[in-house]
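Spelled out from the first residue to the last, the chains are:
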Amino acid sequence: MQYKFVGRSGVQVSRLALGTMNFGMVTDEPTSFKIMDEALAAGINFFDTADAYGGTQSPDMEKGYGISEEIIGRWLAQGGHRDRIVLATKVYQPMETGPNDRHLSAYHIRKACEDSLRRLQTDHIDLYQMHHIDRRTPWEEIWQGMELLVQQGKVIYVGSSNFAGWDIATAQSAATARHFMGLISEQSLYNLNARTIELEVIPACRHYGLGIIPWSPLGGGLLGGVLRKAKAQRRTESRIQQQVEQHRSQLEAYEALCQQLGEEPADVALAWLLHNPAVTAPIIGPRTVEQLTGSLRALKIALSEDTLRKLDEIWPGPGGEAPKAYAW
């Protein structure tokens, strides 16, 4: 396994992060335990979850359930694992129906952290990530809430997720004024078909020393050999089918290129992310042990400059970083 520092911090994590969003919702607990055992055996030490993962939420997003955290907590309770992993979870999503049971008030941050610690059966969270930007709560309050958790030893590092570039800049400016480390990572949507963060988020992360943790690295399955799988299956999810029709010519070129390389499309998509020096670790979300072990192949793929150029031609990004991408 390869390891990399998370941004400017001194903590190192595996180049693939184990995402646990499926635990409890798609993957049952015994299989989840096997996946975590296998991940640890393979050298994956970066486990990512969130307080709202693993269960359903009502259509109006009024209530979430911490089932994924509970499963991880019972796995950790077996003993011997906690100090071998870097455990990341998140705060922001509604967990109850009250007006203060969501977002990033100091009030909710404190309660959400205590609830996550209880579910995870641990005394600290290694990376506590804000699941989304909360522009209605001032940074003075947000950092006050996070600083208290750090002082108490309940949180080691703080990260963001789904932040814009200017949110990262604002957050870090406020943290610096308080003599606080601030953010060390940004978890963001990033894959061959979703490259918007190349405009401003990646430059901001590079400037402030944040590691990028891409979520949905396979574009919800679009980059995982969807054309070949569609031929083998009678039915395809309508959501995926719409995307296939929208990107059919690109997918045909992409899967043909992967076939020439002798590699699985999913592995090439992960290898492309790993090639970017701004990326710390893409989040893989295996539903089975076989999916987990299959993803390890990406760590061994070296993409040539010619292959990277061809991938850019098939899946063009925004044209570079702002403002050069759109201005003289």
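Cut-offs used in this document
- Residues numbered from 1 in each chain as written.
- Predicted model: local features only at pLDDT ≥ 70, side-chain atom pairs only at ≥ 80, totals over all residues.
- Heavy atoms only, no water.
- Core = buried A, V, L, I, M, F, W, Y, C linked by side-chain atoms within 4.5 Å.
- Buried < 20%, exposed > 50% of the residue type's maximum accessible area, 1.4 Å probe, protein only.
- Helix = DSSP H or I, 4+ residues; strand = E, 2+ residues; numbered from the N terminus.
- Contact = heavy atoms within 4.5 Å.
- Axes fitted to C-alpha atoms, helices over the stretch in contact; angles between N-to-C directions.
- Parallel < 35°, antiparallel > 145°, perpendicular 65-115°, else oblique.
- Nonpolar A, V, L, I, M, F, W, Y, C, P; charged D, E, K, R; others polar.
- Pairing = 2+ DSSP bridges.

Here we look at the nonpolar core
If you look at soluble globular proteins, the nonpolar side chains tend to sit buried side by side.
Moving on, step 1. Core analysis: the largest hydrophobic core is formed by 80 residues, its most contacted members being Y128, M130, W143 and Y254.
Moving on, step 2. It is helix α10 (residues 265–275) that provides the largest number of residues to this core, a total of seven residues.
Moving on, step 3. Beyond its immediate sequence surroundings of up to four residues, Y254 is in contact with L192, L223, P265, V268, A269, L311, I314 and W315.
Moving on, step 4. V11, V13, V86 and A88 belong to the second largest nonpolar core, which has twelve residues in total.

A few points about the packing of helix α9 (residues 248–261) against α10
Moving on, step 1. Direction vectors running N to C along α9 and α10 enclose 90°, while the axes themselves pass 9 Å from each other. By the angle between their directions, the pair α9 and α10 is classed as roughly perpendicular. Residues Y254, E255, C258 and L261 of α9 form the contact with α10, whose own contacting residues are P265, V268 and A269.
Moving on, step 2. Split into classes, the residues belonging to the contact of α9 with α10 amount to six nonpolar, no polar and one charged.

Digging into the sheet that holds strand β6 (residues 125–130)
Moving on, step 1. Strands sit in the order β9-β8-β7-β6-β5-β4-β3-β10 across an open sheet of eight strands; the sheet is parallel. Looking at the sheet topology across the chains shown, the edges are occupied by β9 (211–215) and β10 (283–284).
Moving on, step 2. The pairing of strand β3 (residues 17–19) with strand β4 (residues 46–48) spans two bridges and is parallel. Considered in β4, the bridge of G19 is made with D48.

Considering unusual backbone geometry
Moving on, step 1. Residue P323 is reached from A322 by a cis peptide bond, and omega for that bond is 0°.
Moving on, step 2. By the element assignment, P323 lies in the segment after α12 (305–314).
Moving on, step 3. Positioned with a positive phi, H179 is a non-glycine residue whose angle comes to about 60°.
Moving on, step 4. Here H179 falls in the exposed class, since its relative accessible area comes to 79%.
Moving on, step 5. We note that S216 has phi near 55°; this positive angle belongs to a residue other than glycine.
Moving on, step 6. With respect to the helices, strands and loops of the structure, S216 is situated in the loop between β9 and α7 (226–232).

Considering the environment of V11
Moving on, step 1. For V11, the position within the fold is in the loop between β1 (3–5) and β2 (12–14).
Moving on, step 2. Owing to a relative accessible area of 17%, V11 belongs among the buried residues under this scheme.
Moving on, step 3. A sequence separation of 173 residues divides V11 from I184, and the C-alpha atoms of the two residues are 10.0 Å apart.
Moving on, step 4. When residues no more than four places from it in sequence are discounted, the contact partners of V11 are K4, F5, V6, V86 and Y157.

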